[in-house]
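# Notes for the structure review
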Amino acid sequence: MSQNRSDEDSLSNWSLSSAETAYNFPSNQKTTFCPGDKTPAYDRSRRLQLLVLPFIPIVALIVQTSIALNEILDYRNEVMAIEEQVIEATKLGKVVTQIQLERSEVAFRLFTNGNNTLRSNLSTRFADVDRTLSSVSTWPVISVPHYANGTALTIVNKTEFIHSLQEFRKKSNEKQNSIDEVLHWYTSVNAVLLEHMTQQIKETDRSSSSVWRYLISFKNLLRSIENFGISVVQGINYFARGSLSREKHLYYVQHDTICNDLLYSILHYIPDLHEFYEEIKKNMTDYKLVEER
């Protein structure tokens with residue numbers, strides 16, 4: 001009996017000693033927790049993750065939308081630049097066409113000594129050219145070599161060109177210019193305008209637009225008409241005088257050949273024009289006579 005009590009006292013003393021030891025355990029000792037335990041720092045990190053995760057697809061969508069918007073703006077700027085090129089090329093092309101018509105009218109007047117009853121009045125033609133010139137916003141520097149001494153007349157803006165054009169018209173009306181001088185002056189002006197158009201079209205930049213073929217074809221069409229107009233003037237010269245010198249005949253053949261080559265290049269760039277071209281030839285009753293010449 002006394003033995004049992006002694007054992008209970010020993011056990012009690014050991015439990016008390018263990019409790020005191022646990023109570024007095026140093027606080028700086030590393031404490032381990034079970035995996036399921038949660039600390040305040042862990043809870044804050046978890047809440048932060050839950051807040052950030054929904055924004056990740058939103059940020060990705062914003063970035064994707066920004067990239068798409070930037071591409072749309074670049075495409076819009078490209079389209080606007082192309083539109084500006086087309087507008088300026090069209091305006092300049094109209095000027096070239098009007099100058100070509102004026103050249104043929106002036107040449108015909110000189111060959112017929114002013115009895116051009118079969119052609120339009122020169123005053124009307126001059127007014128059409130002036131009206132077309134007023135619509136052009138850009139203008140290149142034009143250098144026109146003098147026909148006799150080779151000195152060049154430099155025209156830096158459109159106002160000076162209009163003044164020089166009026167002076168040249170006045171001399172032509174007074175028959176102070178020969179047909180060769182008329183042809184030389186108008187041809188020099190058109191050559192500069194066509195070269196300026198080439199720079200605007202940017203022929204080498206084929207990857208920027210799908211309309212470059214049409215712009216180049218438009219330019220080549222104007223060049224074809226230009227060479228055709230030069231050859232027509234020589235044809236008028238032949239019918240007016242009854243003969244052509246060897247040099248002028250070669251000049252006629254050269255420009256007539258260039259005219260046809262440029263015309264066929266247009267059909268190469270735009271094959272859809274073949275049908276339209278054949279329809280034009282069919283409707284022109286005198287075209288076969290031109291081909292047989």
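Scroll up a little and you will see the structure.
As the structure is a prediction and not an experimental result, all values here were calculated from the model.

Our focus in this paragraph is the overall build of the protein chain. What the protein chain contains, in helices and strands, is 10 helices and two strands. Scanning the protein chain from its N terminus toward the C terminus, one meets helices and strands in the order α-α-α-α-β-β-α-α-α-α-α-α. Each of the 293 residues in the protein chain was classed as buried or not, and the buried ones make up 30%. Contacts in the protein chain between residues far apart in sequence, at least 24 positions, make up 68% of those at least 6 positions apart. By element, 58% of the accessible surface of the protein chain is carried by carbon and sulfur atoms, the whole surface being about 20,000 Å².

Let us now look at the nonpolar core. One broad trend across soluble globular proteins is that nonpolar side chains are buried collectively. Counting residues in hydrophobic clusters, the biggest one holds 34 residues, and the most contacted among them are Ile142, Phe161 and Leu193. Sorting the residues of this core by element identifies helix 3 (55–111), helix 4 (122–133), strand 1 (142–145), helix 5 (158–173), helix 6 (179–201) and helix 7 (212–241) as the ones contributing at least two each. Here this core gets nine residues from one element, more than from any other, and that element is helix 6. Each residue touching Leu193, except ones within four places of it in the same chain, is listed here: Leu92, Val95, Val96, Ile99, Trp139, Pro140 and Ile142. Within the second largest apolar cluster, eight residues are counted, among which are Phe108, Phe111, Leu183 and Ile230.

Per the counting criterion, the structure on display carries five aromatic pairs. Here the aromatic rings of Phe161 and Trp185 are separated by 6.1 Å at their centres, their planes lie at 15°, and the arrangement is stacked. Of this pair, Phe161 sits in helix 5 while Trp185 sits in helix 6, placing them 24 residues apart in sequence. For Phe161, a relative accessible area of 0% gives the class buried. Measuring from ring centre to ring centre gives 4.6 Å for Phe168 and Trp185, while their planes differ by 15°; the resulting arrangement is stacked. Here Phe168 is found in helix 5, whereas its partner Trp185 is found in helix 6, with 17 residues between them in sequence. The exposure classification of Phe168 matches that of Trp185, with both residues buried.

Once that is clear, we can look at the pattern of salt bridges. Inspection of every chain in the model, using the stated rule, returns seven salt bridges. The residue Glu226 makes a salt bridge to Arg103 at a minimum N-O spacing of 2.8 Å. Of this pair, Glu226 sits in helix 7 while Arg103 is found in helix 3, placing the two residues 123 residues apart along the sequence. Grouping residues by exposure puts Glu226 and Arg103 together as buried. As a salt-bridge pair, Arg223 and Glu195 come within 3.9 Å of each other at their nearest N and O atoms.

Let us now look at helix 8 (residues 246–269). Working note: α-helix, 3.6 residues per turn, so residues spaced by three or four point in the same direction. Here helix 8 is 24 residues long and its end C-alpha atoms lie 35 Å apart, about the 34 Å a rise of 1.5 Å per residue gives. Along helix 8, the residues that are buried comprise Lys248, His255, Asp256, Cys259, Leu262, Ser265, Ile266, Leu267 and Tyr269. In this structure, the buried residues of helix 8 make contact with helix 6, helix 7 and helix 9 (273–283).

Let us now look at the side chain of Lys248. Tracing the backbone shows Lys248 in helix 8. A polar contact of 3.3 Å, which involves the side chain of Lys248, links it to the side chain of Asp180. Among residues more than four places away in sequence, those in contact with Lys248 are Asp180, Gln234, Asn237 and Arg241.

A one-sided burial pattern is seen for strand 1, the buried positions being Ile142 and Val144 and the unburied ones Ser143 and Pro145. Inspection of the sheet shows strand 1 paired to strand 2 (residues 152–155) by four bridges, in the antiparallel sense. Bridge pairing in strand 2 places Val144 opposite Leu153.

With that settled, the discussion passes to helix 5. Here helix 5 contains 16 residues, and its C-alpha end-to-end distance of 22 Å stays within 8% of the 22 Å for a straight helix at 1.5 Å per residue. Within helix 5, burial applies to Phe161, Ser164, Leu165, Phe168, Arg169 and Ser172. Mapping the buried residues of helix 5 onto a view down its axis gives an arc of 140°, with all of them on the same face. Capping the start of helix 5, Asn157 holds a side-chain oxygen 3.2 Å from the backbone nitrogen of Thr159, two or three residues further along. Lys175 sits one or two positions beyond helix 5 and adopts a positive phi of about 60°.

Definitions and limits used
Residues numbered from 1 in each chain as written. Predicted model: local features only at pLDDT ≥ 70, side-chain atom pairs only at ≥ 80, totals over all residues. Heavy atoms only, no water. Helix = DSSP H or I, 4+ residues; strand = E, 2+ residues; numbered from the N terminus. Buried < 20%, exposed > 50% of the residue type's maximum accessible area, 1.4 Å probe, protein only. Contact = heavy atoms within 4.5 Å. Areas by Shrake-Rupley, 256 points an atom, 1.4 Å probe, with all protein chains shown as cover. Core = buried A, V, L, I, M, F, W, Y, C linked by side-chain atoms within 4.5 Å. Phe/Tyr/Trp six-rings, centres within 6.5 Å; stacked < 30°, edge-to-face > 60°. Salt bridge = Lys/Arg side-chain N within 4 Å of Asp/Glu carboxyl O. Expected span 1.5 Å × (residues − 1). Polar contact = N/O pair within 3.5 Å; in protein donor to acceptor, adjacent residues only side chain to side chain. Pairing = 2+ DSSP bridges. Arc of directions from axis to C-beta.

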